[in-house]
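Chain by chain, the residues run as shown.
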Amino acid sequence: MDSLHVITTGGTIDKIYFDAKSDYHVGAPVIGDLLDFLDLDFPFTVESVMRKDSLDMTDDDRMLIRERVTTCSASHI
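Here the structure is a predicted model, which is why all the values come from computation and not from measurement.

This part is about the confidence of the model for the protein. Put simply, the protein has an average pLDDT of 84, and 86% of its residues get 70 or more. No element of the protein has a lower mean pLDDT than strand β3 (residues 24-26), which averages 65, and none a higher one than helix α2 (residues 59-70), which averages 96.

Written out as structure tokens, the structure reads:
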């Protein structure tokens with residue numbers, strides 16, 4: 001059976017804002033809860049690689065993401 005592996009890095013969907021002036025931190029990934037809510041008929045896993053806004057990512061962060069993708073055995077990432 002096909003499987004989905006979601007790799008999260010933080011960012012917009014996981015941001016938690018504290019005030020109207022954009023003070024925030026990146027919280028836990030919410031995608032797993034969203035996929036559970038959809039009651040999908042295929043298995044999925046969620047891996048949180050980091051909790052960073054994309055504007056703060058470094059080349060090392062991008063290499064880590066690439067490594068996680070290339071070593072993943074799921075049929076869809």
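Before going further, it helps to examine the pairing of strand β1 (residues 4-8). Of all the five residues making up β1, four are buried; the element is thus mostly covered by neighbouring parts of the structure. Of the strand pairs in this sheet, β1 and strand β4 (residues 44-48) are connected by five bridges, and their pairing is parallel. Following the sheet pairing, I7 is matched in β4 by E47.

To continue, consider the pattern of salt bridges. Applying the stated criterion across every chain, the model contains four salt bridges. Its salt-bridge partner being E47, residue R68 comes within 2.4 Å of it at the nearest N-O pair. Note that R68 is positioned in helix α2 and E47 in strand β4, a separation of 21 residues in sequence. Given the relative accessible area of 28%, R68 is considered partly exposed.

Reading the values: rules and limits
Residues numbered from 1 in each chain as written. Predicted model: local features only at pLDDT ≥ 70, side-chain atom pairs only at ≥ 80, totals over all residues. Heavy atoms only, no water. pLDDT = per-residue confidence, 0-100. Helix = DSSP H or I, 4+ residues; strand = E, 2+ residues; numbered from the N terminus. Buried < 20%, exposed > 50% of the residue type's maximum accessible area, 1.4 Å probe, protein only. Pairing = 2+ DSSP bridges. Salt bridge = Lys/Arg side-chain N within 4 Å of Asp/Glu carboxyl O.

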